[in-house]
Amino acid sequence: MSKQYDLLVVGGGPGGYVAAIRAAQLGFSVACCESNAYADPKGEPRLGGTCLNVGCIPSKALLHTSHLFEEAEHGFAEQGIAVGTPVIEVGKMLARKNAIVKQLTSGIKGLFKKNKVALLNGHGSFVGRKQADGGDVWQMQVGDDLVEAKQVIVATGSKARHLPGVLVDNEIVCDNVGALDIAAVPKRLAVIGAGVIGLEMGSVWRRLGAEVTILEALPEFLALADVDVAKEAAKVFAKQGLRIILGIEIGDVKVSQKGVSIDYTDKEGGEHRLDADRLIVSIGRIPNTDGLAAEQVGLQLNERGQVEVDAHCRTNLPGVWAVGDVVAGPMLAHKAMEEGVMVAELMAGQAGHCNFDTIPWVIYTSPEIAWVGKTEQQLKAAGIAYKAGKIPFAANGRALGMGDPTGFVKILACAASDRILGVHVIGANASELISEGVVAMEFGAASEDLARICHAHPTLSEVVHEAALACDKRPLHF
Ligand code: FAD
Ligand code: NAI
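Residues numbered from 1 in each chain as written. Chains lettered and ligands numbered in written order. Predicted model: local features only at pLDDT ≥ 70, side-chain atom pairs only at ≥ 80, totals over all residues. Heavy atoms only, no water.

## Remarks on the environment of tyrosine 17
Structurally, tyrosine 17 can be placed in helix α1 (residues 14-25). Residue classification places tyrosine 17 among the buried positions, given a relative accessible area of 12%. For the pair formed by tyrosine 17 and leucine 47, sequence separation is 30 residues and the distance between their alpha carbons is 7.6 Å. In this view, tyrosine 17 contacts Gly11, Gly12, Gly48, Ile108, Phe112 and Met337; residues no more than four positions away in its chain are not counted. (Helix = DSSP H or I, 4+ residues; strand = E, 2+ residues; numbered from the N terminus. Buried < 20%, exposed > 50% of the residue type's maximum accessible area, 1.4 Å probe, protein only. Contact = heavy atoms within 4.5 Å.)

Spelled out as structure tokens, the structure:
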């Protein structure tokens with residue numbers, strides 16, 4: 001006898017669990033199956049996907065601890081606090097991180113109970129479609145059970161891309177999973193890929209004392225970010241001792257019990273070797289459609305292996321949707337969640353909505369980097385006339401008081417309409433400050449609107465205010 005639901009969500013990451021909760025709130029009978037990639041000691045499915053288990057949350061826990069360590073080592077003294085030489089107990093740091101992960105992943109189980117979402121333990125795969133009294137249903141295999149559902153949301157996420165021929169054992173050669181669990185600070189850490197994971201995890205282990213070298217294939221640093229932000233970030237990271245080598249090509253990678261030896265060619269064709277005790281490979285992620293049996297039902301994938309969807313996350317199959325990292329767009333937890341909510345609301349006949357133009361990006365380095373909307377180079381390339389207001393944190397009393405005056409806020413607004421087209425922040429608490437830019441852009445605000453809003457004093461948000469004023473060349477404190 002099969003289990004029957006209105007909706008089966010395949011995958012319990014941010015896209016899947018949020019879609020399941022929202023659909024249940026809207027009155028659907030919902031099940032979510034999770035293949036339990038992140039081993040639970042009791043063998044129970046762990047919800048939260050990459051984000052809670054081996055992504056956003058554990059990495060931010062380590063970033064916080066390592067930031068405090070670095071402050072204690074280098075920042076406290078100039079404020080007159082003498083603590084001696086701090087010592088990092090890596091085991092304790094990892095245990096704290098694991099406790100946070102456990103608390104949050106079990107919290108989602110609680111949310112499922114509260115919202116009456118059935119949690120099914122097992123890998124979901126398509127079996128077929130069958131005609132039933134109440135309309136056609138999708139048949140899915142989940143573990144040993146056959147499940148029938150009128151609608152299916154594929155939210156199977158992504159996994160780390162590996163270098164061909166270089167085995168990831170998560171001991172010597174790590175992807176994101178091992179990078180979050182290194183048991184002792186390595187003396188020399190090599191990272192391949194200066195993207196978001198490379199910079200965040202490279203920062204964690206550098207702050208704790210590792211000599212970190214990041215090898216990046218692209219000749220340009222942080223190509224996705226605004227060009228001014230990328231320049232400032234490169235300058236600050238170099239000063240911190242994060243060695244980033246751009247425009248390289250990886251050759252032979254030799255791995256032994258002792259470490260790695262990486263041959264690479266530089267921009268000029270010069271040949272080099274980098275020896276390190278550990279290697280983190282962070283060269284992007286690939287969509288996860290393993291064992292989904294997409295071909296069994298003709299679920300269309302694109303050339304990048306992502307499930308092909310329209311702007312409303314509809315696939316080519318009736319009643320089958322896909323959200324999150326398994327579809328195109330930025331691989332971000334909040335984007336996955338937005339799509340999950342949108343799909344649940346569309347299923348209920350509501351006007352589900354996801355504004356892909358106002359999805360913020362954050363890199364949790366120190367200083368933090370955050371942006372929303374267009375970069376200056378994108379506006380130039382598109383031939384859009386714009387004005388810019390840029391104010392440094394060094395002109396802000398709160399930033400100085402915090403001992404954190406690095407970076408700036410830059411607002412880009414349309415020259416003709418004054419509408420805000422992009423907000424870029426590099427500096428303390430950029431991850432929180434960017435929300436003001438998101439709200440402004442979501443409501444179609446002009447820089448003049450932000451300039452007219454009262455900002456509390458003394459706060460870092462005053463730099464956003466001043467940048468808005470600077471769009472009209474009338475900053476008050478710079
Ligand atoms: P996932 O979180 O990958 O979840 C998919 C789930 O589906 C998994 O639990 C998997 O086990 C399960 N599954 C797969 N196939 C099946 C199947 N056939 N049947 C049943 N279950 C299946 N994003 C941010 O926004 N902010 C951050 O700070 C951030 N930090 C990150 C740090 C790291 C180190 C990494 C790796 C990622 C980070 N991300 C961050 C990205 C974020 O984790 C992902 O964008 C997000 O988890 C995607 O959610 P998802 O639900 O689409 O997929
Ligand atoms: P990424 O796409 O951010 O960066 C990968 C980098 O590796 C790129 O700069 C690329 O040019 C480089 N690269 C690719 N192949 C290479 C090669 N062979 N040799 C050298 N360099 C090579 O991917 P990353 O860092 O693995 O992270 C994956 C995704 O996870 C991110 O894109 C992001 O969506 C998400 N994430 C988000 C975070 C956040 O929101 N703060 C934190 C961490 C991850």
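The rest of the description comes next.
## Focus on helix α3 (residues 56-75)
In an α-helix, one turn spans 3.6 residues; hence positions three or four apart end up facing the same way. Buried within α3 we find Pro58, Ser59, Ala61, Leu62, Leu63, Thr65, Ser66, Phe69, Glu70, Ala72 and Gly75. Where the residues of α3 are buried, they touch α2 (49-54), α4 (90-115) and α6 (196-207).

## Topic: the nonpolar core
Counting residues in each nonpolar core, the largest one holds 40 residues, and the members touching the most others are Met201, Trp205, Leu222, Ile280 and Ile369. Taken together, the elements giving at least two residues each to this core come down to α3, α4, β9 (188-192), α6, β10 (211-215), α7 (227-240), β18 (361-363) and β19 (368-373). When near neighbours in sequence (up to four residues on either side) are disregarded, leucine 222 contacts Leu199, Ala230, Ala233, Ile363 and Ile369. (Core = buried A, V, L, I, M, F, W, Y, C linked by side-chain atoms within 4.5 Å.)

## Section: the packing of α3 against α4
Two elements in contact, α3 and α4, have axes whose closest approach is 9 Å; the angle formed by their N-to-C orientations is 145°. Judged by the sense of rotation from one axis to the other, the crossing of α3 with α4 is right-handed. Contacts from Ile57, Pro58, Ala61, Leu62, His64 and Thr65 in α3 reach Met93, Leu94, Arg96, Lys97, Ile100, Val101 and Leu104 in α4. Residue composition of the contact of α3 with α4, grouped by class: nine nonpolar, two polar and two charged. (Axes fitted to C-alpha atoms, helices over the stretch in contact; angles between N-to-C directions. Left-handed = near helix turned anticlockwise from the far one by under 90°. Nonpolar A, V, L, I, M, F, W, Y, C, P; charged D, E, K, R; others polar.)

## Considerations on the site of ligand 1
Neighbouring ligand 1 are 39 residues, the closest being Glu34, Thr50, Lys60, Gly124 and Asp325. With respect to ligand 1, the side chain of glutamate 34 contributes an N or O atom lying 2.5 Å from an oxygen atom. One of the backbone N or O atoms of cysteine 51 is found 3.3 Å from an oxygen atom in ligand 1. For ligand 1, whose unbound accessible area comes to 1,000 Å², protein coverage reaches 95%. When contributions to the shell around ligand 1 are tallied by element, the ones reaching two or more residues are α1, β2 (30-34), α2, α3 and α9 (333-347). The element best represented in the shell around ligand 1 is α2, accounting for four residues. Residues belonging to the shell around ligand 1 are distributed by class as follows: 15 nonpolar, 20 polar and four charged. (Near = heavy atom within 4 Å. Polar contact = N/O pair within 3.5 Å; in protein donor to acceptor, adjacent residues only side chain to side chain. Areas by Shrake-Rupley, 256 points an atom, 1.4 Å probe, with all protein chains shown as cover.)

## Considerations on the pattern of salt bridges
Tallied over the entire structure, the rule returns 24 salt bridges. For aspartate 226, the salt bridge goes to lysine 410, with nearest N and O atoms at 2.7 Å. Of this pair, aspartate 226 sits in the loop between β10 and α7 while lysine 410 sits in strand β21 (residues 408-414), and the two are 184 residues apart along the sequence. Under the relative-accessibility criterion, aspartate 226 is labelled buried at 0%. Using a relative accessible area of 1% as the deciding quantity, one classes lysine 410 as buried. The residue glutamate 448 makes a salt bridge to arginine 452 at a minimum N-O spacing of 2.7 Å. (Salt bridge = Lys/Arg side-chain N within 4 Å of Asp/Glu carboxyl O.)

## Points about the site of ligand 2
Neighbouring ligand 2 are 24 residues, the closest being Ile197, Glu216, Gly284, Met331 and Val362. Within the backbone of valine 196, a nitrogen or oxygen atom sits 3.1 Å from an oxygen atom of ligand 2. When contributions to the shell around ligand 2 are tallied by element, the ones reaching two or more residues are α6 and β18. Counting residues per element, the shell around ligand 2 draws most heavily on α6, at four residues.

## Description of the UniProt feature "binding site: NAD(+)" (unreviewed entry) in the protein chain
The residues that UniProt annotates with the feature "binding site: NAD(+)" (unreviewed entry) are Gly193, Ala194, Gly195, Val196, Ile197, Gly198, Leu199, Glu200, Glu216 and Gly284. Across 92 residues in sequence, these annotated residues keep their C-alpha atoms within 14.4 Å of one another, forming a single compact spot. Of the annotated residues named above, the ones that line the largest cavity are Ile197 and Gly284. Owing to a relative accessible area of 30%, valine 196 belongs among the partly exposed residues under this scheme. Mapped onto the secondary structure, glutamate 200 falls in helix α6. (UniProt positions renumbered as here; feature names shortened; annotations may be inferred. 1 Å grid on protein atoms, 1.4 Å probe; cavity = no way out; pocket = protein on both sides within 12 Å on 5 of 7 lines; lining within 4 Å.)

## Observations regarding the sheet that holds strand β20 (residues 386-392)
The five strands lie next to each other as β18-β19-β22-β21-β20, forming an open sheet whose pairing is antiparallel. The sheet terminates laterally at β18 and β20, the two strands that pair on one side only. With strand direction ignored, the average angle separating the axes of adjacent strands in the sheet is 10°. (Pairing = 2+ DSSP bridges.)

## Structural notes on α6
Taking 1.5 Å as the rise per residue, α6 with 12 residues should run 16 Å; its terminal C-alpha atoms sit 17 Å apart, in good agreement. Among the 12 residues that make up α6, 10 are buried, leaving the element largely enclosed by the rest of the structure. Those residues of α6 that fall on the buried side of the exposure criterion are Gly198, Leu199, Glu200, Met201, Gly202, Ser203, Val204, Trp205, Arg206 and Arg207. Among the residues trailing α6, glycine 209 stands out with phi positive, at a value near 120°. (Expected span 1.5 Å × (residues − 1).)

## What about the packing of aromatic side chains?
Per the counting criterion, the structure on display carries three aromatic pairs. With 5.9 Å between their ring centres and 80° between their planes, phenylalanine 126 and tryptophan 138 make a pair best called edge-to-face. Taken together, the residues span a long stretch of sequence, with phenylalanine 126 in strand β4 (residues 124-130) and tryptophan 138 in strand β5 (residues 137-142) at a distance of 12 residues. Under the relative-accessibility criterion, phenylalanine 126 is labelled buried at 2%. A relative accessible area of 3% places tryptophan 138 in the buried class. Between phenylalanine 221 and phenylalanine 237 the ring centres are 6.2 Å apart and the planes differ by 90°, which places this aromatic pair in the edge-to-face class. (Phe/Tyr/Trp six-rings, centres within 6.5 Å; stacked < 30°, edge-to-face > 60°.)

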